Structure formats: structure tokens, C-alpha cells
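Descriptive analysis of the structure
Each chain is listed here by its residues.
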Number of protein chains: 2
Amino acid sequence: MRFKEMASKISQWLEESKEIVISSRVRLARNLADFSFTHWAKKEDLAKIVERVSKEAKTSSYLKNALIINLKELDDIDRQFLMERHLISREHAQGKGKERAVIIGDKEIISIMVNEEDHLRIQVTESGLNLIEAWRLATKIDNELEKGLNYAFSEKYGYLTACPTNTGTGLRASVMIHLPALVMSRQINKVLDAVSRANMAVRGIYGEGTQAQGDLFQVSNEISLGESEEEIVGHVEKAAREIMEYEKGARKRLLTQLEERVRDSVSRAYGTLCSTYTISSAETLTLLSKLRLGTSIGLAKDIDIPTLNELLILTRPAHLQEIAGKKLSAPERDVKRAAFIRSKLGIKSSE
Amino acid sequence: MRFKEMASKISQWLEESKEIVISSRVRLARNLADFSFTHWAKKEDLAKIVERVSKEAKTSSYLKNALIINLKELDDIDRQFLMERHLISREHAQGKGKERAVIIGDKEIISIMVNEEDHLRIQVTESGLNLIEAWRLATKIDNELEKGLNYAFSEKYGYLTACPTNTGTGLRASVMIHLPALVMSRQINKVLDAVSRANMAVRGIYGEGTQAQGDLFQVSNEISLGESEEEIVGHVEKAAREIMEYEKGARKRLLTQLEERVRDSVSRAYGTLCSTYTISSAETLTLLSKLRLGTSIGLAKDIDIPTLNELLILTRPAHLQEIAGKKLSAPERDVKRAAFIRSKLGIKSSE
């Protein structure tokens, strides 16, 4: 385990995250023309790709002081830790044995996965609803890297990728969005169905195949071919704005129709977090979600969004283990998590 | 509604109640020889019984300043209120139209139901495990009343009662006992089965046909014929002591094996009660039970037994309505209950 220091603070995009739309992310899928796609490439070639991309990254003006980490050198907890911080995907964390790396820029805004499904996955994450800024920065990094790397590109199809759904722009724009009122009032499926019909994908907080937890959802474009980058970014941003309005409407109705119940649920969530001695990761996310809702509708005055953001990430299983500096069983983590939460809230309440 | 003042304080036996065995009660069933049993008696006769017993009670040295209440003059909430305080049975509260009364002694230690199943049901309740004291006092009152009342008594069978299970001594000795650790460790059924095999009855906190709530059980003798009064009282007291030992053993094991979980559950119960804005009667009893367990094993330092005793009774539905001075719907009561609990705990925590 080697991320003890990093595990005690949160990334900039989360630190500054806002209500409802927590963060915006753009990723570009790129491949090097001189090598087979990751899944077909030989081990030596994968190593060469890591080497070539790392070398180029070091020259980039956006990646000064970047961490270049070979995932093979990490243990399971370290890799899970990077996944919990959204720096690498679940697939990248699990891809056993394969030569692969991640390049992490200052403040964790930029991360480049090397030899995930594609040779390069350039990711930029910004706080709140800010896809355009994320897209601009991703494009700048991409342009810089392209000077030294020979990307696989077709005049007809655009950027070539391992999976055809990414071919074209290779762009995926996504937002992480917090929808507790839509969940509580059972309108969430209606809204998510409408999102799907607009060719958007809805996923859990750790991407494809993961479950929504703590009322957090990821909404992104489904395909990247046939639309310009600007159109894709614009469509996702528009969808996010619409969902945000639905959520705001649901919050207003909840406050009008069920104020006492919502107040009770928010207040109990705070009471439980202040008094627990053993708590699971899932329950923590559920309670934090209620408090996040509470702060936005004025019902949780004892806690603020920065504290909630900290608790959201620092209570994740691998974070707790990095801070402890050792592997912990689930019951041990539950006790550590409870102690950590109480100490965080204790500091707040005695201020 | 007429018990607003009474509803703001608790009876002496509960105020002084101890851990595990909350209270001990003895009741004597008696009937007047000159009248049919309650269920067969004419309305005029029932009225005469009320009159005769009331007159005699007024002369008793144990019933100075006693309240004599004709239940027909009370509304539903008043009658439920008396039942919640264990001053009358559920049957007595519900016996619509029938001429019936209750005589309540000072500090609510003595209560005599008139025209319940039997003409007289003389009840004495003491704190903790103290059946002998309760039995002595009940006998003294009984002897005094017998001077002026002609009891139905047979040399062969003893005191005659409406139901044969009460014939003989007419005595029922019961204890209200708090068994959270046996419930939590799933040993409760085993223990209660053993109790039943020893010819004891186990009931919920409001007597026959009511459910156990908040881990509170009533244990009493099943029959009252063929044993002396002393034997009956002795057997129930012995059974209570044995159950108490089982519960103590279960508490020790819980603390050894599951300390973190028990600490969590106790602490969360306190956190929830401090922060709730709407809470049902059932959930309140569940949480109070955890805190009562917590105080006895040193895990609930923010609260004491007297406060728990107060909350146990003053949060009951009819109590809340007596204090409010009006009929309240269930959701209204839940909000009032939460406010009452918060205020009680707030006062405690700011001391």
C-alpha cells in the first residue's frame, strides 16, 4: 500500500463539487497506429505503449509533476483505491498481469489510463456541471500528445477504437448526478427511461455494470459516432440540466408534501452518523445522500457540503485501508469507518 | 379528557423501577355473595356493586384520598390512558356501557377495578422484584374491605370467581420483566418455553392477548387453586429470579462476543431519539429497550433509568393526547412524540 498521504485528502473536483451535479467528466479514447489494440497486443508491445505514452506525457505542459504509476506494481487495495477516486476504471483495476499504467495530473483533474480497452483513455474531471471546460482541457492535452504519438485515425470513421461504440470522436461526456428526491418520490425510473430514450446511458457511480449507490447516477452519451464533439458535449449538458430541473421540482414537492418526514429522515441520518460504532459502506452512502439533500433544502444545518464530500470518498473501503496502512476485514472496516465519521462530525460540531 | 395533570408524571412504581424486573404486581379477584357474577348481573345490580364497593373503599385506611372513577363518564382516550398506566385492564377499558369503576390509591400503587370479570380486582404494584411486599399490602386491603363486604367464599374451593382458573386464592402474582439480551441472542423462546412448562403464563405488557413490545414481558402464575398464597408468590418470585439470571448471562455474553455491535445499537438508539421528528410508538419502545439495556451494561452514559421510565409511559398514545388536551391522529401523535422525546433528552443533555 502506498497511498496513505493521498488517502487523507480529496481530489479538487470533489472538494469543489456542487449540489445535484457533483462532477462532469470527458474522456477521449485513442490508440496508437503502430500497435494492435490492447486486447490483441503482445506483452512486449503493451510495455512499449506504456513507455511511449509515459515519455510523451512527461513533455506535456498539462502533466507537470504527474504521477506515472505502473499498475502491476500495486497491490489490490492500491488499485481499488485509485478506482474509488475515479482515477481508473474497474476494468483497469482488475486487468491482472497486463502491462498497464495510469498517469495522474496535478490535483487529480487529469488522468490517463494506458492499455485499458484502448491504448489511451484521457480523462478530465471538473466540479459541478462543467462539461465544456472538461472537454476543452481534454482536447488541449490530446492535441499536445498527438504531436508525439501516431494516433490510429481514419478519414472516414475518425479515431479508431477497440469497441465500435467509441469510434469517431472517441469522446464520452458524463456527469455524476445526485437524485435523492426523484428516488424518494419514486419518479427516478420515469426520468431515467426518458434519459435512455434520448440515447444517453445511465450507470452506477463506478461506471458500466456498477450499481447506483447513495442516489448517485452517471449519465453519459451512448455513442460517439455521427455527431461532432461539440454536439455530444452539448447534448449531455442539456440532458443533465433537464434532470437537474426534475430533481429540483421533486425536492420542492417533497418539502411541501412531506416536510416532517424529510426533516425526520435528514435529522436521523445525522444522528445515526454521529452515534454509530459500526457502519457499512452502503449505509454510509445512503445516510450521506440524505444529508446532502438536507443541506440543499435547509434541513441539515449541522453539516456542510465540504464535509459531506470528504466523507463520501474517505469512507470508501480502500481509503480506510490506505489510511490504516493495512488490510482490514469488512467488520474491521465498519468499525474504522464509524470512528472516522464520528471524528469528522465531532470536529465540526465543536467548532 | 380529564387526566392532563396525571399524564405529565409517572406512577411511583415505575419511577423507582429497577433493571430487568421493572415491577411486581399482585391482584386478588373477589366477588360479592349477594350478586350474580359481573357478566350475568343486571344493570341495577352492577350499579349497586359499584356503590357498595366505593362506600367501603372510602373507609379503608389504605385508600385515603383515593380517586373513585366511574368509567362510563370517561371518553375513549381517558380509558386508554388508565390502561396505559396499568391501572385498569384492556377488558375494563373496553367494556362499553357496563356500570363499572376503578378506585385508584395514592401514588397509583393500589387500584381496584369494580365489575371487571369479577366484582373486585384488587391490584397492588411495586417497583422491581418485590412480590412479597405487594402481596402483603393487597392482603391488608382485602382484609379491611372484607369487614364490610360479604365475599363469595366456599370452604371447599376458597374464593369463588367468574372464571374457574382464578378460583381458590383468587391471586395472580406477576412481574414485568425486560429481556432485551435474551431477545437479541434469540434465546427468548427457549426461556419462555421453560417458564410455560413450570405452569407460568407469559404475556405482553398490557396483559392477556397483548404482544410483547420493547422486549417487555409479563410472567405470572397460571392457576390459583391448590396452592397457598405464599406458595404462588414464592413460585413466581423464583421464576422471575431464574429468568433474571438467564438475562444477566445473555448480557455478559453479548458484551463479550458482540461489544461493538451492542455499543453501536445502543448509541444509535440514543442518536435516533435525539434527532427524530416523527416516530411511532412501537419504534420508541424498541429504542428505549436498547437504551435500558445500554444503561445497565455501561454503554449509555448520556441517559439514566428515570428518564427512560418517564419516556416509556409518557410517550404512549393516550398520554400524548391527554397532555395535548385533544384527540390526535396517528401521524400527529408521531410528531408530538418526537418533539416530547427531543425535549426530554435536550434537558438532560444540557444539564
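About the thresholds
Residues numbered from 1 in each chain as written. Chains lettered and ligands numbered in written order. Predicted model: local features only at pLDDT ≥ 70, side-chain atom pairs only at ≥ 80, totals over all residues. Heavy atoms only, no water. Core = buried A, V, L, I, M, F, W, Y, C linked by side-chain atoms within 4.5 Å. Buried < 20%, exposed > 50% of the residue type's maximum accessible area, 1.4 Å probe, protein only. Helix = DSSP H or I, 4+ residues; strand = E, 2+ residues; numbered from the N terminus. Domains from an automatic or database assignment. Contact = heavy atoms within 4.5 Å. Pairing = 2+ DSSP bridges. Axes fitted to C-alpha atoms, helices over the stretch in contact; angles between N-to-C directions. Phe/Tyr/Trp six-rings, centres within 6.5 Å; stacked < 30°, edge-to-face > 60°. Lys NZ or Arg CZ within 6 Å of the ring centre and 35° of its normal. pLDDT = per-residue confidence, 0-100. Least-squares fit on C-alpha atoms with pLDDT ≥ 70 in both. Salt bridge = Lys/Arg side-chain N within 4 Å of Asp/Glu carboxyl O. Polar contact = N/O pair within 3.5 Å; in protein donor to acceptor, adjacent residues only side chain to side chain. Disulfide = S-S within 2.5 Å.

By size, the foremost hydrophobic cluster in this structure holds 87 residues, and its most contacted members are Ile112(A), Leu120(A) and Leu291(A). Among the elements that line this core, the one with the most residues is helix H8 (residues 229-257) of chain A, at nine residues. Per-domain counts for this core show at least three residues from each of domain 1 (10-252) and domain 2 (259-344) of chain A. Once you skip the residues sitting within four places of it in the chain, Leu291(A) turns out to touch Val266(A), Ala269(A), Tyr270(A), Leu273(A), Ala300(A), Ile303(A) and Leu308(A). In this structure, Val50(B), Ala101(B), Leu131(B) and Ile243(B) belong to the second largest nonpolar core, which totals 86 residues.

With that out of the way, let us pick up the sheet that holds strand S10 (residues 216-221) of chain B. Residues and elements named next belong to chain B. Taking strand neighbours across the sheet as the criterion, the eight strands line up as S2-S3-S4-S5-S1-S8-S10-S9 in an open arrangement whose pairing is antiparallel. With one partner strand each, in any of the chains shown, strand S2 (67-70) and strand S9 (200-203) form the two edges of the open sheet. Between one strand axis and the next, the sheet turns through 20 degrees on average, direction left out of account. Of the pairings in the sheet, the one linking strand S1 (residues 21-30) to strand S5 (residues 120-127) comprises eight bridges and is antiparallel in character. The residue of S5 that forms the bridge with Arg25 is Thr125.

In this section: the packing of aromatic side chains. What the rule picks out here adds up to six aromatic pairs over all chains. On the basis of an interplanar angle of 70 degrees and a centroid distance of 4.8 Å, the ring pair of Phe153(A) and Tyr159(A) is categorised as edge-to-face. Its relative accessible area of 12% is what places Tyr159(A) among the buried residues. The structure contains a cluster of three or more aromatic residues connected by ring pairs, namely Tyr151(A), Phe153(A) and Tyr159(A). Between Arg263(A) and the ring centre of Tyr277(B), over which it is positioned, the NZ or CZ distance is 5.4 Å. Positioned above the aromatic ring of Tyr277(B), the side-chain terminus of Arg342(B) is 4.0 Å from the ring centre.

Residues and elements named next belong to chain B. Looking at the secondary structure, you find Asn309 in helix H10 (residues 305-314). The exposure class of Asn309 is buried, given its relative accessible area of 0%. Taking C-alpha positions, Asn309 is 21 Å from Ile77, a pair spaced 232 residues apart along the chain. If near-sequence neighbours (up to four positions away) are discounted, Asn309 is found in contact with Ile10, Leu14, Glu15, Ser17 and Arg292.

On to the confidence of the model for chain A. Low-confidence regions, as indicated by low pLDDT, have predicted coordinates that should not be scrutinised in detail. Residue and element names in this part refer to chain A. When pLDDT is averaged along chain A, the result is 91, and 97% of the positions lie at 70 or above. Note that pLDDT drops below 50 for residues 347-351; the model gives that stretch three contacts with residues more than four away or on any other chain. Note on the complex model: pTM 0.87, ipTM 0.82.

Turning to the relation of the copies chain B and chain A, a few remarks are in order. Structural alignment of chain B on chain A gives an RMSD of 0.0 Å, achieved by rotating through 180 degrees and translating 0.0 Å along the axis. The symmetry that links the two subunits is that of a two-fold axis. Using C-alpha coordinates, one finds that chain B approaches the rotation axis most closely at Gly271(B), a distance of 2.3 Å. Interface residue correspondence from chain B to chain A reaches 100%, placing this contact among same-surface, isologous pairings.

In a beta sheet, neighbouring strands are held together by backbone hydrogen bonds and run either parallel or antiparallel to one another. Residue and element names in this part refer to chain A. Read across the sheet, eight strands follow the order S2-S3-S4-S5-S1-S8-S10-S9 without closing on themselves; strand pairing throughout is antiparallel. In the strand order of this sheet, the two ends are held by strand S2 (67-70) and strand S9 (200-203), each with one partner. Recorded for the sheet is a direction-independent mean angle of 20 degrees between the axes of neighbouring strands. Direction of pairing for S9 relative to strand S10 (residues 216-221): antiparallel, over a ladder of four bridges. The residue bridging Val202 from the neighbouring strand is Val219, located in S10. In the packing of helix H5 (residues 131-148) onto the sheet, the strands contacted are strand S1 (21-30), strand S4 (110-114), strand S5 (120-127) and strand S8 (171-178), and the crossing angle to S5 comes to about 150 degrees.

All names here are of chain A. Structurally, Glu116 is set in the loop between S4 and S5. Residue classification places Glu116 among the buried residues on the basis of a relative accessible area of 7%. Residues contacting Glu116, with those up to four places away along its chain left out, are Thr38, Ser89, Glu91, His92, Lys98 and Arg121.

Next up on the list: the interface of chain B and chain A. Reports of interface size often rely on the accessible area that becomes lost once the parts have come together. The interface is formed by 15 residues belonging to chain B together with 15 residues belonging to chain A. Joining chain B to chain A, the criterion identifies two salt bridges. Note that Arg268(A) is salt-bridged to Glu283(B), the shortest N-O span being 2.8 Å. At the boundary of chain B and chain A, one finds 14 residue pairs in polar contact (both at pLDDT 80 or more). If one sorts the elements of the side of chain B that touches chain A by residue count, helix H8 (residues 229-275) of chain B sits on top with nine residues.

Residue and element names in this part refer to chain A. Here Ser154 is to be found in strand S6 (residues 153-154). With a relative accessible area of 15%, Ser154 lands in the buried category. One polar contact links the side chain of Ser154 to the main-chain amide nitrogen of Lys156, over a distance of 3.1 Å. A distance of 2.7 Å separates a polar side-chain atom of Ser154 from the backbone nitrogen of Tyr157.

Throughout the structure, instances matching the rule amount to zero disulfides over all chains. With no disulfide of its own, Cys274(A) lies closest to Cys274(B) among cysteine sulfurs, the gap being 10 Å.

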